[in-house]
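Structure assessment
So you can see what is in the structure, the chains are spelled out below.
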Amino acid sequence: MKKLDAVFQARASLRALSKTLQSVNASLDDMVQLTLYLKHRHDFPAVRDTFREFFTDGHYPARMTVFTDFINESCLCMVDGTEVVTSGH
């Protein structure tokens, strides 16, 4: 896969998000909502399947997908989200 591949970018984004969450003693399982931004509609099935690599069955966040143009032409995918961590976590 190349950096100009939406699946590559989705994996990189989710790995970075996971690393950021780990820095505050949280994980992707704490995500309650995630927004996936894609440049090309045809990338959706492959990127959707990529989520199974990162989220445990039964712990999928609510997800919305938005198709949009990005200012940077090489950007094909972006994610953002909300997590909830309880005080006992």
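See the structure above.
So, a few notes on the structure that sits alongside this text.

1. Describing the overall build of the protein
- Looking only at helices and strands, the protein has two helices and three strands in total.
- Reading the protein from its N end, one meets helices and strands in the order α-β-α-β-β.
- Relative to a compact globule of 89 residues, whose C-alpha radius of gyration would be 12 Å, the protein shows 13 Å and is just as compact.
- Overall size of the protein, expressed as C-alpha extent along the three principal axes, is 40 × 25 × 20 Å.
- When contacts within the protein are restricted to residue pairs at least 6 apart in sequence, long-range pairs at least 24 apart make up 75% of them.
- For the protein, the exposed surface amounts to about 5,700 Å²; the carbon and sulfur share of it is 53%.
- Taken as two groups, the 10 positive and 11 negative side-chain charges of the protein have centres that lie 6 Å from each other.

2. Considering the nonpolar core
- Leu34, Val47 and Phe55 are the most contacted members of the largest nonpolar core, which has 19 residues in total.
- Among the elements of the structure, α1 (6-22), β1 (31-38) and β3 (77-83) are those that each provide at least two residues to this core.
- It is α1 that provides the largest number of residues to this core, a total of six residues.

3. Some thoughts on the side chain of Gln9
- Relative to the assigned elements, Gln9 resides in helix α1.
- Of the residues examined, Gln9 reaches a relative accessible area of 13% and is grouped as buried.
- The contacts of Gln9, once residues within four sequence positions are left out, are Lys3, Leu4, Ser74, Cys75, Leu76 and Cys77.

4. A closer look at the sheet that holds β3
- Sheet architecture is open: three strands sit in the order β2-β1-β3, paired in mixed fashion. Of all the strands in the sheet, the pair left with one neighbour each is β2 (62-67) and β3. Strand-to-strand, the axes of this sheet are offset by a mean angle of 15°, without reference to chain direction.
- Contacts from α1 reach β1 and β3, with the element oriented near 30° to β3.

5. Focus on the packing of aromatic side chains
- Taken as a whole and judged by the stated rule, the model has one aromatic pair.
- Relative to Phe55, the ring of Phe51 lies with its centre 5.9 Å away and its plane at 10°, an arrangement referred to as stacked.
- Residue class for Phe51 comes out buried when judged on its relative accessible area of 2%.
- Across the ring face of Phe67, the terminal group of Arg41 is positioned such that the distance to the ring centre comes to 4.1 Å.
- Directly above the aromatic system of Phe51 lies the positively charged group of Arg63, at a separation of 4.5 Å from the ring centroid.

What counts and how
- Residues numbered from 1 in each chain as written.
- Predicted model: local features only at pLDDT ≥ 70, side-chain atom pairs only at ≥ 80, totals over all residues.
- Heavy atoms only, no water.
- Helix = DSSP H or I, 4+ residues; strand = E, 2+ residues; numbered from the N terminus.
- Rg over C-alpha atoms; globule rule 2.2 N^0.38 Å.
- Contact = heavy atoms within 4.5 Å.
- Areas by Shrake-Rupley, 256 points an atom, 1.4 Å probe, with all protein chains shown as cover.
- Lys, Arg positive; Asp, Glu negative; His and termini not counted.
- Charge placed at Lys NZ, Arg CZ, Asp CG, Glu CD.
- Core = buried A, V, L, I, M, F, W, Y, C linked by side-chain atoms within 4.5 Å.
- Buried < 20%, exposed > 50% of the residue type's maximum accessible area, 1.4 Å probe, protein only.
- Pairing = 2+ DSSP bridges.
- Axes fitted to C-alpha atoms, helices over the stretch in contact; angles between N-to-C directions.
- Phe/Tyr/Trp six-rings, centres within 6.5 Å; stacked < 30°, edge-to-face > 60°.
- Lys NZ or Arg CZ within 6 Å of the ring centre and 35° of its normal.

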